[in-house]
Structures are given as C-alpha cells and as structure tokens.
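Structural features, examined
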Amino acid sequence: MHCLTVLYPTPDDPSAFRAYYVDKHVSLAATLPGLLRHHYAFPERFGPGEAPFCIFQAFFPDAAAMDAALGSEIGRKVAADVPNYSPKGATLCHFTVEGA
C-alpha cells in the first residue's frame, strides 16, 4: 500500500480554511481514481516544534496508482483547488506503508 500525505501550514483565516476544506475539497479528493481510503485531521502540537494546521492522508494500492491518480483529470482539479482554501500551499510527501 502507498500513502500520500499532505501537510498544511496554519492559514491566516483558520475558520475559512476549515469550512472550505471540509465542505468542498475533501469530497473532491475522495473521487481520486484508485483511492482505497483517506482521512484528514486538525492535529494539536505534542512536544517541541509546530504541528501542521491540517493533515490529509490518501492510500493507494501502490506508487503507480498514486501517480496515475495525481496525473488524472480529477488529480489536476484537486491540485488546482488548493489555493481556494490554502493560499500558503501545502507540503506533500509519499511513502510505501511498511509494518503491520
């Protein structure tokens, strides 16, 4: 299984971010082809350092399926939607899920 993780910085308007993200963006991202499951959260800091404002994780069968999803028409729409709620952008990373 392969995981795409998206980390969002603290926005200038947290309420507007949250409303748009929850009401519109997540449902768009949920239509990515090949997506097995997804989740999001608004984490709280635990220990030193700053926590991201929001985190999203999407799980695909493998890296090729993730690449295909991100390169699809829906993937391009998801990427183009980010400035609508997160003008500061996002940090993306991905990895093969290991362990139990």
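Here goes a summary of the coordinates provided. For clarity, every value in this text was computed on a predicted model and none was experimentally measured.

1. Observations regarding the overall build of the chain
When its secondary structure is counted, the chain shows three helices and four strands. Ordered by position from the N terminus, the helices and strands of the chain form the series β-α-β-β-α-α-β. For 100 residues, the compact-globule formula gives about 13 Å, and the C-alpha radius of gyration of the chain, at 14 Å, lands near that figure. Counting only C-alpha atoms and orienting by the principal axes, one finds that the chain spans roughly 35 × 30 × 20 Å. Among the 100 residues that make up the chain, the fraction classed as buried is 32%. Taking as baseline every contact in the chain between residues at least 6 positions apart, the subset at least 24 positions apart corresponds to 73%. When the accessible area of the chain is evaluated, it comes to approximately 6000 Å², of which 58% is carbon and sulfur surface. A gap of 3 Å separates the mean positions of the 7 positive and 10 negative side-chain charges of the chain.

2. Re the packing of aromatic side chains
Counted by the stated rule, this structure contains 13 aromatic pairs. Taking the centre distance of 5.6 Å and the plane angle of 85° together, the rings of Tyr21 and Tyr40 count as edge-to-face. Taken together, the positions of Tyr21 in helix α1 (residues 14–29) and Tyr40 in strand β2 (residues 37–41) put the pair 19 residues apart, joining distant regions of the chain. The lysine or arginine in question, Arg18, covers the ring of Phe42, its NZ or CZ lying 3.8 Å from the ring centre. Note that Arg37 overlies the ring of Phe59, its terminal NZ or CZ placed 4.2 Å from the centroid.

3. Focus on the pattern of salt bridges
As enumerated under the stated definition, the model contains two salt bridges in all. Between Lys88 and Asp12 there is a salt bridge; the shortest N-O distance is 3.2 Å. Highlighted residues: Lys88 in the loop between α3 (73–81) and β4 (91–96) and Asp12 in the loop between β1 (2–8) and α1, separated in sequence by 76 residues. Looking at Lys88, the relative accessible area reads 49%, which means it is partly exposed. In this structure, Glu73 and Lys77 form a salt bridge, with 3.5 Å as the shortest nitrogen-oxygen distance. Of this pair, Glu73 and Lys77 both sit in helix α3, four residues apart, which is roughly one turn of the helix. Among the residues examined, Lys77 registers a relative accessible area of 44% and is labelled partly exposed.

Thresholds applied
- Residues numbered from 1 in each chain as written.
- Predicted model: local features only at pLDDT ≥ 70, side-chain atom pairs only at ≥ 80, totals over all residues.
- Heavy atoms only, no water.
- Helix = DSSP H or I, 4+ residues; strand = E, 2+ residues; numbered from the N terminus.
- Rg over C-alpha atoms; globule rule 2.2 N^0.38 Å.
- Buried < 20%, exposed > 50% of the residue type's maximum accessible area, 1.4 Å probe, protein only.
- Contact = heavy atoms within 4.5 Å.
- Areas by Shrake-Rupley, 256 points an atom, 1.4 Å probe, with all protein chains shown as cover.
- Lys, Arg positive; Asp, Glu negative; His and termini not counted.
- Charge placed at Lys NZ, Arg CZ, Asp CG, Glu CD.
- Phe/Tyr/Trp six-rings, centres within 6.5 Å; stacked < 30°, edge-to-face > 60°.
- Lys NZ or Arg CZ within 6 Å of the ring centre and 35° of its normal.
- Salt bridge = Lys/Arg side-chain N within 4 Å of Asp/Glu carboxyl O.

Read these as spatial facts, not as claims about activity.
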